[in-house]
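Fold and contact review
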2 protein chains.
Amino acid sequence: MFRRTTFSLKPNVVIVGTGWAACYTAHRLNPSICNIQVLSTRNHMVFTPLLAHTTTGTLEFRAVCEPITNIQPALVNLPHRFYRCMVYDVDFDANIVKCVGLGVPGTTEKLPVHTFNVKYDYLLLAHGSRPNTFNTPGVTDKAFFLREVNEARGIRKRLVQNIMAADLPTVPIEETKRLLHTVVVGGGPTGIEFATNLAEFFRKDIVRLNRHLQKYCKVTVLEANEVLGTFDQTLRNYGHRRLAELGINIVNTAVVEVTERGVVTTSGETLESGLVVWSTGVGPTMLTLSLQCDKTKQQRISVDENLRVLRDGKAIPNVFAAGDSAANVTAPLPTLAAVARRQGAYLGKQLNHLITKKTMTQSFEYKDLGSMVALGDASAIVSLGSKRKIGIQGLKALWVWKSAYLSMIGSFRNKLYIFINWCGSHLFSRDITYIGDLSEDRLYKILAGHEMSRTKNRPQATEVLKGMTATQTFTPELLEKAVSNGYITQDDIREMNISPADMANKKT
Amino acid sequence: MFRRTTFSLKPNVVIVGTGWAACYTAHRLNPSICNIQVLSTRNHMVFTPLLAHTTTGTLEFRAVCEPITNIQPALVNLPHRFYRCMVYDVDFDANIVKCVGLGVPGTTEKLPVHTFNVKYDYLLLAHGSRPNTFNTPGVTDKAFFLREVNEARGIRKRLVQNIMAADLPTVPIEETKRLLHTVVVGGGPTGIEFATNLAEFFRKDIVRLNRHLQKYCKVTVLEANEVLGTFDQTLRNYGHRRLAELGINIVNTAVVEVTERGVVTTSGETLESGLVVWSTGVGPTMLTLSLQCDKTKQQRISVDENLRVLRDGKAIPNVFAAGDSAANVTAPLPTLAAVARRQGAYLGKQLNHLITKKTMTQSFEYKDLGSMVALGDASAIVSLGSKRKIGIQGLKALWVWKSAYLSMIGSFRNKLYIFINWCGSHLFSRDITYIGDLSEDRLYKILAGHEMSRTKNRPQATEVLKGMTATQTFTPELLEKAVSNGYITQDDIREMNISPADMANKKT
C-alpha cells in the first residue's frame, strides 16, 4: 500500500514530555538528521525552581514559562512537530506511542476525544512524575500541589480568595483565622521556598491590601523528618533560625488526612487551614505504571548507564528514559531539575551520535554541584560541591541563588522578565491583583440553582436575593467602633444588637 | 441599644463599583473627612482601553490592572473599607445598600452565601454596564465579551486551545479552518482594536509557534452599520485600507444567532468560527434594572446636571450615579472610559465639598477631547477636538495613541510594565505560552465519566483508554509526505491507507 516519496527517510525521534529532560534533549538534537516529534500536554517548559515564587506574585507566570518552539525552533516546521496530547501507553514491540488528544473545551458539552499513534525510531520517555500523596485521604482533591503553572495559579487564586473572604463583614473571626492560615506539608526545598515567600508576603505586602488582616496571617510547615534535612548542621541551624524570624511555625508530624477545613495530623489533632500545599516528593504517573518494562522499587522506569530502558533486565536499544520518571537501580539519582537537565543534555548529544554513527560514545555520569534554598527576601542557604562542601548563608547566599538561576534560564526574554519582576516586586510590592475574582456568573448560578443557562440565571438569582434577609447592617457607628477595637468582631455586632430595621428606624 | 463611641461620627461614603468613575471618585475623596466604603466584585480597576491587547499577549494582564488599594491607599485602614461583594439592590428610603458576598469557591460543594447591608450617608452608583446582546440567542453562553480581565483571559485561552486543537493530527482540515477563524461582532473601537491586534498576531507571531497553520488563520468583522463610523471620512477611509492590508474581512451584516460552530447572519448564512467576540455596545446590569429610580430610554439611571439620581423627576440629594450606568436624559453622554473618568474626578471633588460645606460648587460639564483607535502594530487613527477636528493617521498616530494611554495610566508601576511589555512584544514576539493547557485531570474526568473524584478518575480513565483503538498512526513516511504537500490532510491519510496494524507488520 505504500507509495514511497522521493525523500530519504529520516528517523522519527519521539520525545514524551516538555520538562527539563525532554526540553534539553529537544534543544540539543540536530533537526537536520531526524524528525523531532514532541508529545506533551503542555506547549511550554516550566522553570520549576522559581515556580513557588509565582504564587505570591513575586514573579509573573509568563516569566517562568518557555514555549517549546523557542527551545527547539525547528518544531515550527514540518516534518518536526509538537502534538498537544497525553501519552497513555507505549508498545515497545511495534515501536508505537499511543496518544489521546482533546478538542476545545467549553464549546460543546461532549468534547471530542481523539486517539492516535505515533511511530518512533528512537523514543525518550521524559514524562515526569506526580506528587506522592502516600494514599493520604483527601490530598488529591483538597490540597494544592506546586509542580505546574496552573497549580501555582490555583494557589495564588485561593490565597486572594481567602484574603477577600476573610475580610467579608459577615465572616466570624474564627473563620477569618482559618482562611488566613496556610499549612505546607513537607519541609523540603520547594515547601520551604513557598513558605518563606508567603511569610514575606504576609509580613510586608498584605498591609498594602488590608492592614487589619495581617495579625491573623499564619504559615505552618509540617514535616515528619527534619526540615531542610539535606543541608549540613550549620546551614540547617541557620535555616531554622531564619524560619523562626519569619514567624513560620514548624511542626514535627505527619498528616493522616486532608479535609475541607484543614489537615489532621498523626496525633489526631486538626489544624484548621484555608490553604494546604502538599510538597512531599513524587511518585509514578499513570503512564509509568502502564509501561511494560522494568521498574525500580519506587516505581521509576529502570534504565542502564546509557539511560536505555530495561525490559527483563536487557536494554531496549532505541528507548530511553530520563528525569523523574526514570532511575538506575544500582545508583538512583534524586528527582531534581538539575539531574533531569544534565540527562537531557547528555541524551541530546548521544542521540545525534547514535543516529549518524549508530553508537553511543559514553555513559551518563552525574556530579552533584550542590543545592540552594531561598529563605525569603533577604537570605538563602547554599551548599556547593558534593564531597568537600562549601556552605554560604544569608544575603550573599541569596545573590548566589539569584545569579545561578538567572544564568540557568534559557532565553534572554525570560532572564529579562525575571530580573524586571524581581526589581518590580521589590519596588512596588508583590502583585496582589486577583484577576478571576468574584464571578457574577458563578454567584448567579449558585443562587439560581445549577441547572440553567447563563442567560436565565440572572433574573432567577435576582428573585432569590430579593427574598433573602440581610444578616447585618454596617453603619458609621459600627465602623468607628471597629477602629477603636482594631477590628469588628461578631461579639461586637451581637453586643451592639443592631438589626437592619433598627438602623432604618434610628435614622429616619 | 447604642453605646456611642467617643469618636465624632464621619459620614459613610459608599461607592458601588471599581471602574473608571468609581476609582476616580475614590482617588479624589478626602479620607480624613469621611469613611470610604467601596463595594465591588473585583478588587482592582481595569484599564479597559488596553484590554484588547492582552488577548494575544501583547500586554500582560497585570499591566492593565491596578489594585483599588493603590488607587486610594486609605482603604487599607479602618474605618475605610473595601468589600468584595455584589450589590443587588438599594433602599433609597432607608439609605441602605444590599450586598451579597461569597465564601471561597472550590473548598466545599455548597458555598456559603452571605447577605449584608451597608448604610450610606452619600452613595455613588458606578457599577457600570453589561454587554448588549440585543437578545440574540446564544450570545451570553457561546460568545466572548471583552470588558473584564477574566473575559480577556478566556479569549486568550480559547485562542491557544484552538491553535493546539487545530494542529492535532486527527482533526480534519475543515475543522482546522473553523477553529482558526475568529469572528468579531461589532466594528467599534474595541472590536477593531481586537481584530487588528489578532491579525498582527496571525501575521507575525503564529509562525513562531507553527508555520503551516498560518494560511488557515482568518479574522472577520461583522458590522450592521459602518466600521469606524465615529470617525470622519478621511480617517475612516484610511482605517478601511489598513484593515484590508491586514487581511481582515469586513462583512456588512447583523447576527441573528451564535451557535457552537459559529454565527448565523441575517441572510441565514452560517460563518463557521472557533471564536466569536461580541463587542456591540452595552446595556443595563441587573442592579440598574432593580433600582427604584428614574431611568432613560436606554435603561440608564437618570441623573441631573450634578449627577444626582432622579426619582419621580426629583434629585435624591445624597445619591449619585456616574459612568456607563447613568445618563442625563436631556444630554446623554456615550458610554466611554473618558466620560466616566471625568465624572469620577468631578464627583470626588464635589463630594469633598458637599461633606464639609454642604453644597456643590458647579454642575458637571463634559468636553469631548477626541477619539483614537490603534490599527495593529504600525498605525492608528486619532481624531482630536470636538468641533474643529484634527485628524492624524499612520505611525505618528500610533505614537499619539501610545503616549496618551501611557500618560493616563495611574501608577508608575503600570506605566513601566506596559512600556516593558510593548518593547518585549516587539523584540521577542507576543507571548504564546498558554498556561492552563490541556489538563490531565479534565481529560481523565471526561474519560472516566463525570461522577468520580479526582483520585478515582485516573485508573478508571486508563482502563477506558486501553480499550480504545487509534484512528491513525503517524510515521516518518507520512511526515515526509506532509512536507512535500505542505500539510497532512485527511485525504492523504485515506490515500496512504495505513492502519496501526499495517505499520506494526511492516516494521517487524
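From a predicted model like this one, the values you see are computed outputs, not experimental measurements. (Residues numbered from 1 in each chain as written. Chains lettered and ligands numbered in written order. Predicted model: local features only at pLDDT ≥ 70, side-chain atom pairs only at ≥ 80, totals over all residues. Heavy atoms only, no water.)

Next up on the list: the overall build of chain A. What chain A contains, in helices and strands, is 16 helices and 26 strands. Out of the 508 residues belonging to chain A, those deemed buried represent 60%. Here the analysis covers contacts within chain A between residues at least 6 apart in sequence; of these, 63% occur between residues at least 24 apart. (Helix = DSSP H or I, 4+ residues; strand = E, 2+ residues; numbered from the N terminus. Buried < 20%, exposed > 50% of the residue type's maximum accessible area, 1.4 Å probe, protein only. Contact = heavy atoms within 4.5 Å.)

Moving on to helix α9 (residues 337-357) of chain A. With 21 residues, α9 of chain A ought to run about 30 Å at 1.5 Å a step, and its terminal C-alpha atoms sit 30 Å apart, in line with that. Of the residues one or two after α9 of chain A, Lys358 of chain A is the one with positive phi, at around 65°. (Expected span 1.5 Å × (residues − 1).)

Before going further, it helps to examine the pattern of salt bridges. Inspection of every chain in the model, using the stated rule, returns 30 salt bridges over all chains. In this structure, the salt-bridge partner of Lys204 of chain B is Glu200 of chain B, at a minimum N-O distance of 4.0 Å. Linking Lys204 of chain B with Glu200 of chain B, this pair stays in helix α6 (residues 189-205), spanning 4 residues, or about one helical turn. Salt-bridge contacts for Asp304 of chain B lead to Arg308 of chain B; the nearest nitrogen and oxygen are separated by 3.0 Å. Take Asp304 of chain B: its relative accessible area is 10%, and that puts it in the buried class. Put simply, Glu175, Arg178, Arg261 and Glu272 of chain A are held in one network by salt bridges that share partners. (Salt bridge = Lys/Arg side-chain N within 4 Å of Asp/Glu carboxyl O.)

All names here are of chain A. Applying the stated rule across the entire model yields 16 aromatic pairs over all chains. Measuring from centroid to centroid gives 5.2 Å for Trp20 and Phe47, while their planes differ by 55°, and the two rings are tilted. In this pair, Trp20 sits in helix α1 (residues 20-28) while Phe47 sits in the loop between β3 (44-46) and β4 (65-67), placing the two residues 27 residues apart along the sequence. Through a chain of ring-to-ring contacts, the aromatic side chains of Trp20, Tyr24, Phe47, Trp401, Tyr405 and Trp422 assemble into a single cluster. Cation over ring: Lys402 sits above Trp422, and NZ or CZ is 4.8 Å from the ring centre. (Phe/Tyr/Trp six-rings, centres within 6.5 Å; stacked < 30°, edge-to-face > 60°. Lys NZ or Arg CZ within 6 Å of the ring centre and 35° of its normal.)

Pairing analysis gives 5 bridges linking strand β23 (residues 370-374) of chain A to strand β24 (residues 380-384) of chain A, with the strands arranged antiparallel. Looking across to β24 of chain A, one finds that Val373 of chain A is bridged to Ile381 of chain A. (Pairing = 2+ DSSP bridges.)

Moving on, we come to the packing of helix α10 (residues 395-408) of chain B against helix α11 (residues 412-428) of chain B. Residue and element names in this part refer to chain B. In contact at an axis separation of 9 Å, α10 and α11 are set at 150° when each is read in the N-to-C sense. Between α10 and α11, the angle falls in the class roughly antiparallel. The two elements α10 and α11 cross, and the hand of that crossing is right-handed. Listed contacts from α11 to Trp401, Lys402, Leu406 and Ser407 of α10 are Lys415, Ile418, Phe419 and Trp422. (Axes fitted to C-alpha atoms, helices over the stretch in contact; angles between N-to-C directions. Parallel < 35°, antiparallel > 145°, perpendicular 65-115°, else oblique. Left-handed = near helix turned anticlockwise from the far one by under 90°.)

Strand-to-strand pairing in sheets goes through backbone hydrogen bonds, with the strands running parallel or antiparallel. Residues and elements named next belong to chain A. Taken in spatial order, the 3 strands line up as β23-β24-β25 in an open sheet, and their pairing is antiparallel. Of all the strands in the sheet, just β23 and β25 (390-394) have a single pairing partner and so form its edges. Shown here is a sheet whose adjacent strand axes are inclined to one another by a mean of 5°, direction ignored. Sheet strands in contact with helix α7 (residues 233-245) are β24 and β25, and its direction is about 15° off that of β25. Across the face of the sheet, helix α10 (residues 395-408) comes into contact with β23, β24 and β25 while running at roughly 105° to β25.

Take the sheet that holds strand β21 (residues 314-321) of chain B next. All names here are of chain B. Taken together, 6 strands build an open sheet; the order of strands is β5-β2-β1-β9-β21-β20 and the sheet is mixed. Only two strands of the sheet have a single neighbouring strand rather than two, namely β5 (81-84) and β20 (308-311). Within this sheet the neighbouring strands show an average axis-to-axis angle of 30°, counted without direction. Judged from the 3 bridges that link them, strand β9 (residues 122-125) and β21 form a sheet pairing that is parallel. Each bridged residue has a counterpart across the sheet, and for Leu123 the counterpart in β21 is Val319. Contacting β1 (12-16), β9 and β21, helix α9 (residues 337-357) crosses the sheet at an angle of about 170° to β9.

Here we come to the pairing of strand β12 (residues 218-222) of chain A. Residues and elements named next belong to chain A. The buried fraction of β12 is high, at 4 of 5 residues. The pairing of strand β11 (residues 181-185) with β12 spans 5 bridges and is classified as parallel. In the sheet register, Val184 faces β12, and the bridge partner there is Val221. Viewed along the sheet, the connection from β11 through helix α6 (residues 189-205) into β12 turns out right-handed. Pairing of β12 with strand β13 (residues 249-251) involves 3 bridges; the strand directions are parallel. The residue of β13 that forms the bridge with Val221 is Ile250. In terms of handedness, the path from β12 via α7 over to β13 forms a crossover that is right-handed. (Right-handed = clockwise from strand over helix to strand, strands pointing away.)

A word on helix α4 (residues 149-166) of chain A. Between its first and last C-alpha, α4 of chain A extends 25 Å over 18 residues, near the 26 Å set by a 1.5 Å rise per residue. Burial analysis of α4 of chain A places 14 of its 18 residues in the buried class, the great majority of the element.

Here is a general trend for soluble globular proteins: nonpolar side chains tend to be buried in one another's company. Judged by nonpolar contacts, the single largest core of 255 residues is most densely connected at Leu125 of chain A together with Leu125 of chain B. Once you skip the residues sitting within four places of it in the chain, Leu125 of chain B turns out to touch Val16, Val90, Phe92, Leu291, Ile301, Val309, Val319, Phe320, Ala321, Ala322 and Ser325 of chain B. (Core = buried A, V, L, I, M, F, W, Y, C linked by side-chain atoms within 4.5 Å.)

Attention now goes to the side chain of Glu66 of chain A. All names here are of chain A. As for its position among the elements, Glu66 is in strand β4. A polar atom in the side chain of Glu66 sits 2.5 Å from the side chain of Ser411. Residues within four places of Glu66 in sequence aside, it is in contact with His44, Met45, Ile71, Ser411 and Asn414. (Polar contact = N/O pair within 3.5 Å; in protein donor to acceptor, adjacent residues only side chain to side chain.)

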